[in-house]
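# Summary of the model geometry
Okay, here's what each chain looks like letter by letter:
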Amino acid sequence: MSHKRQPAVMYERRIEGVFDTHAHLYDSMYVEGEHVKTPEDILANASLVGVNRILIPADRIDTSIRAIDYVKQYDGVSGVSLYASVGIHPHEASSYDEKAQEYLVEAIANRKENKVCALGEIGLDYYYDYSPRDIQKIVYRKQLELAYELDIPVILHEREAAGDSIEILKDFYRRGQMRKNPGVCHCCSCSLEISRELLKMGFYLGFDGPITYKNNVKNIEVLSEAPVDRIVVETDSPYLTPVPNRGHRNEPSYILYTLERLAEIKNIDILEAVRITRENGLSLYEIEEN
């Protein structure tokens, strides 16, 4: 017997001022299959529920270019302000060379024109090991050095590599080579112990759709303890779709479900959750509210 998947549902109310701090809107998943969505569709849906800021992160040089181009082309559509990041994900560490570094330096040097607010995603990923671990660590260090030299926050990616990742960060911190606002741990899934170390160094913690999943104890523990002035919300679109739309391709308009769950865990009103995470996102990415 076949089970027809239920259609995705939009959040039932509009709450103005939501900041989705991590959404890969250039991803090819949006133009594949039968449910094609244009950038205009995605941004219109986001605006309907009150999302008016989105940061579009990169993971390679080509997606860094695409993120910047997307921002330049669609910034302001449906009243949504867009921002970008540039960087090399650990999966792509083997591709990091002098040419890649030159591109990152140039893109960040022109950060105002490009609306580049961060270097990332960078980090370590031992789950897939698409790049050798020793190469991942070298490239991680190089990009952390670059972020410090260029005075820009980082977006950290870590999977099954918490020990090595935190030791590298602590080394930079001990040597005084870390900004006061060093960046964010994207899609924070680390232990309480690691999250405390990150917070000590000044990092923000990013929370996504998985906090809405049943039995996701670790994320809930970290979020429960995290100070409210250090949390931001993300969709990681088109991935990590929150309940009740899990199984569908994610997009920024679904972020209110994550915010609703965050508000419940932190025992605050959703309006307060929206305000707090927006202000934190602006502080993290050093964006002036207008």
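Note: the structure precedes this text.
Scoring rules and cut-offs
- Residues numbered from 1 in each chain as written.
- Predicted model: local features only at pLDDT ≥ 70, side-chain atom pairs only at ≥ 80, totals over all residues.
- Heavy atoms only, no water.
- Pairing = 2+ DSSP bridges.
- Helix = DSSP H or I, 4+ residues; strand = E, 2+ residues; numbered from the N terminus.
- Axes fitted to C-alpha atoms, helices over the stretch in contact; angles between N-to-C directions.
- Buried < 20%, exposed > 50% of the residue type's maximum accessible area, 1.4 Å probe, protein only.
- Contact = heavy atoms within 4.5 Å.
- Core = buried A, V, L, I, M, F, W, Y, C linked by side-chain atoms within 4.5 Å.
- Right-handed = clockwise from strand over helix to strand, strands pointing away.

## Describing the sheet that holds strand 2 (residues 51-56)
Read across the sheet, eight strands follow the order 1-2-3-4-5-6-7-8 without closing on themselves; strand pairing throughout is parallel. Strands at the two margins of the open sheet, each flanked by one partner only, are strand 1 (18-20) and strand 8 (231-233). In this sheet, neighbouring strand axes are inclined to one another by 30° on average, regardless of whether the strands run parallel or antiparallel. Relative to strand 6 (residues 183-185), strand 5 (residues 154-159) runs parallel, the two sharing three bridges.

## As for the environment of histidine 22
With respect to the secondary-structure elements, histidine 22 resides in the loop between strand 1 and helix 1 (39-49). Looking at histidine 22, the relative accessible area reads 0%, which means it is buried. For the pair formed by histidine 22 and glycine 87, sequence separation is 65 residues and the distance between their alpha carbons is 14 Å. In contact with histidine 22, not counting residues within four places along its chain, are Leu55, Pro57, Glu121, Ile155, His186, Glu234, Thr235, Asp236 and Ser237.

## Description of the nonpolar core
Among the nonpolar cores identified, the biggest contains 77 residues, and Ile54, Leu169 and Leu198 are the most heavily contacted of them. If you tally residues by element for this core, the top one is helix 9 (residues 255-266), at seven residues. Not counting chain neighbours up to four residues away, the residues in contact with leucine 169 comprise Tyr140, Leu144, Leu156, Met178, Leu198, Met201 and Phe203. By size, the runner-up hydrophobic cluster in this structure holds 13 residues, among which are Phe19, Cys117, Val184 and Tyr204.

## Some details on the pairing of strand 5
Counted residue by residue, strand 5 has five buried out of six residues, so it is predominantly covered. As defined by bridge partners, strand 4 (residues 116-125) adjoins strand 5 across six bridges and the pair is classed as parallel. Looking across to strand 5, one finds that leucine 124 is bridged to glutamate 158. Once you follow strand 4 into helix 5 (residues 133-150) and on to strand 5, the crossover reads as right-handed. Taking the sense of rotation as the criterion, the β-α-β connection linking strand 5, helix 6 (residues 162-174) and strand 6 turns out right-handed.

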